[in-house]
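Below are the chains, spelled out letter by letter.
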Amino acid sequence: MHDLKKNLTNTAILVSLDFGDGDHQDRLSELHQLALSADLTIVGTVEGKRSRPDATTFIGSGKVEEIAQLVLDTHAAMVIFNHDLSPAQQRNLSVRLKCNVVDRTSLILDIFAQRAKSYEGRLQVELAQLEHLVTRLVRGWTHLERQKGGIGLRGPGETQLETDRRLIRKRVKLLKEKLSTLQRQRNVQRRQRQRANVLSVSIVGYTNAGKSTLFNKLTSAQTYAADQLFATLDTTTRKLYLGEAGSIVISDTVGL
């Protein structure tokens, strides 16, 4: 999975279209926060209105030209869309804009990859990244695409693509097996707490709602808390003593 922070610069242009759903500004504001959470510098924002996405580029040829000029003017390293792009749309936009094109899901997964610290958290993020990536694999032998016809030119590209897919499927299977083992271990721990009659309480809510701050106040823990979206990517559990009422197990969960 491409790491956004490995670009020569961390500058980004944000693109968000209003399809008349009524939540455009809220989603755009959230995209700004996501970009900042990924340590990106926003050098431009492009908005527009459409009744439905363009099948080829999502935004239409006019907007493509507008963004391409802005990329030239700002030397932006990437363009981030506040939407989920199809593999073909993402590929077409990358070619026309001559820079890295990232959709909303890819941005969030990159933030997850930066923030996940626990073994299980890293496994879950890698699994999500691979399952997202496998839908975006395209023919890898791009030098063959510039040639017209020719005996034997079709096979190698397709073979490379299938090899990539097979390797990803193999890795996905392994990750799922490891996560299944961890799930069984958690189930054993949960049954032990139930037998001990220990009440479990989870703090849940949307990302950046203050769950980790509340958790630290209640338990005197020092878990990471910041004014960022998806700052917490691993569930943390502590025991909380309630005086004569006994104790409970309280968990700080991942934001929704």
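Scroll up to find the structure this text is about.
These notes cover the structure that comes with them.

Each value, and the rule that gives it
Residues numbered from 1 in each chain as written. Predicted model: local features only at pLDDT ≥ 70, side-chain atom pairs only at ≥ 80, totals over all residues. Heavy atoms only, no water. Buried < 20%, exposed > 50% of the residue type's maximum accessible area, 1.4 Å probe, protein only. Helix = DSSP H or I, 4+ residues; strand = E, 2+ residues; numbered from the N terminus. Pairing = 2+ DSSP bridges. Right-handed = clockwise from strand over helix to strand, strands pointing away. Salt bridge = Lys/Arg side-chain N within 4 Å of Asp/Glu carboxyl O. Phe/Tyr/Trp six-rings, centres within 6.5 Å; stacked < 30°, edge-to-face > 60°. Axes fitted to C-alpha atoms, helices over the stretch in contact; angles between N-to-C directions. Contact = heavy atoms within 4.5 Å. Parallel < 35°, antiparallel > 145°, perpendicular 65-115°, else oblique. Left-handed = near helix turned anticlockwise from the far one by under 90°. Nonpolar A, V, L, I, M, F, W, Y, C, P; charged D, E, K, R; others polar.

## Side note on the pairing of strand 1 (residues 11–18)
Taken across its 8 residues, strand 1 has 8 buried, putting it largely inside the fold. Every second residue of strand 1 is oriented toward a common face, with Thr11, Ile13, Val15 and Leu17 on one face and Ala12, Leu14, Ser16 and Asp18 on the other, all of them buried. In this sheet, strand 2 (residues 41–49) lies alongside strand 1 in parallel orientation, the contact comprising 8 bridges. Its bridge partner being in strand 2, Ser16 is matched across the sheet by Glu47. What joins strand 1 to strand 2 is helix 1 (residues 24–37), and the crossover it makes is right-handed.

## Topic: the pattern of salt bridges
For the structure shown, the criterion picks out 4 salt bridges. With a closest N to O distance of 3.5 Å, Glu131 and Lys176 form a salt bridge. Of the two residues, Glu131 is situated in helix 5 (residues 119–134) and Lys176 in helix 7 (residues 154–195); the sequence distance between them amounts to 45 residues. When its relative accessible area of 45% is taken as the criterion, Lys176 is described as partly exposed.

## Observations regarding the packing of aromatic side chains
Working definition: an aromatic ring pair is given by the centre-to-centre distance plus the angle between the planes. Using the criterion set out here, one finds 2 aromatic pairs in the structure. An angle of 85° between the planes, with centres 5.7 Å apart, marks the rings of Phe19 and Phe58 as edge-to-face. Of this pair, Phe19 sits in the loop between strand 1 and helix 1 while Phe58 sits in the loop between strand 2 and helix 2 (61–74), and the two are 39 residues apart along the sequence. Under the relative-accessibility criterion, Phe19 is labelled partly exposed at 23%. Residue classification places Phe58 among the buried residues on the basis of a relative accessible area of 6%. With centroids separated by 6.5 Å and ring planes inclined at 85°, the aromatic side chains of Phe58 and Phe81 adopt a geometry described as edge-to-face. Of this pair, Phe58 sits in the loop between strand 2 and helix 2 while Phe81 sits in strand 3 (residues 78–81), and the two are 23 residues apart along the sequence.

## Regarding the sheet that holds strand 6 (residues 236–241)
A sheet is described by the order of its strands in space; here 3 strands give the open sequence 5-7-6, paired in mixed fashion. Each of the sheet's edge strands pairs with one partner strand only, and the pair in question is strand 5 (199–203) and strand 6. Within the sheet, the average angular offset between the axes of one strand and its neighbour, ignoring direction, is 30°. Bridge count between strand 6 and strand 7 (residues 247–252): 6 bridges; the pairing is antiparallel. Each bridged residue has a counterpart across the sheet, and for Leu240 the counterpart in strand 7 is Ile248. Contacts from helix 8 (residues 211–219) reach strand 5, strand 6 and strand 7 within the one sheet, and its direction differs from that of strand 7 by about 155°.

## Some thoughts on the packing of helix 2 against helix 3 (residues 87–97)
Their axes nearest at 9 Å, the elements helix 2 and helix 3 cross at an angle of 50°. Relative to helix 3, the element helix 2 lies oblique. Seen from above, helix 2 lies across helix 3 with right-handed handedness. Counting all contacts with helix 2, which are made through Val64, Ile67, Ala68 and Val71, the residues of helix 3 involved are Leu93, Arg96 and Leu97. Its residues assigned to classes, the contact of helix 2 with helix 3 shows 6 nonpolar, no polar and 1 charged.

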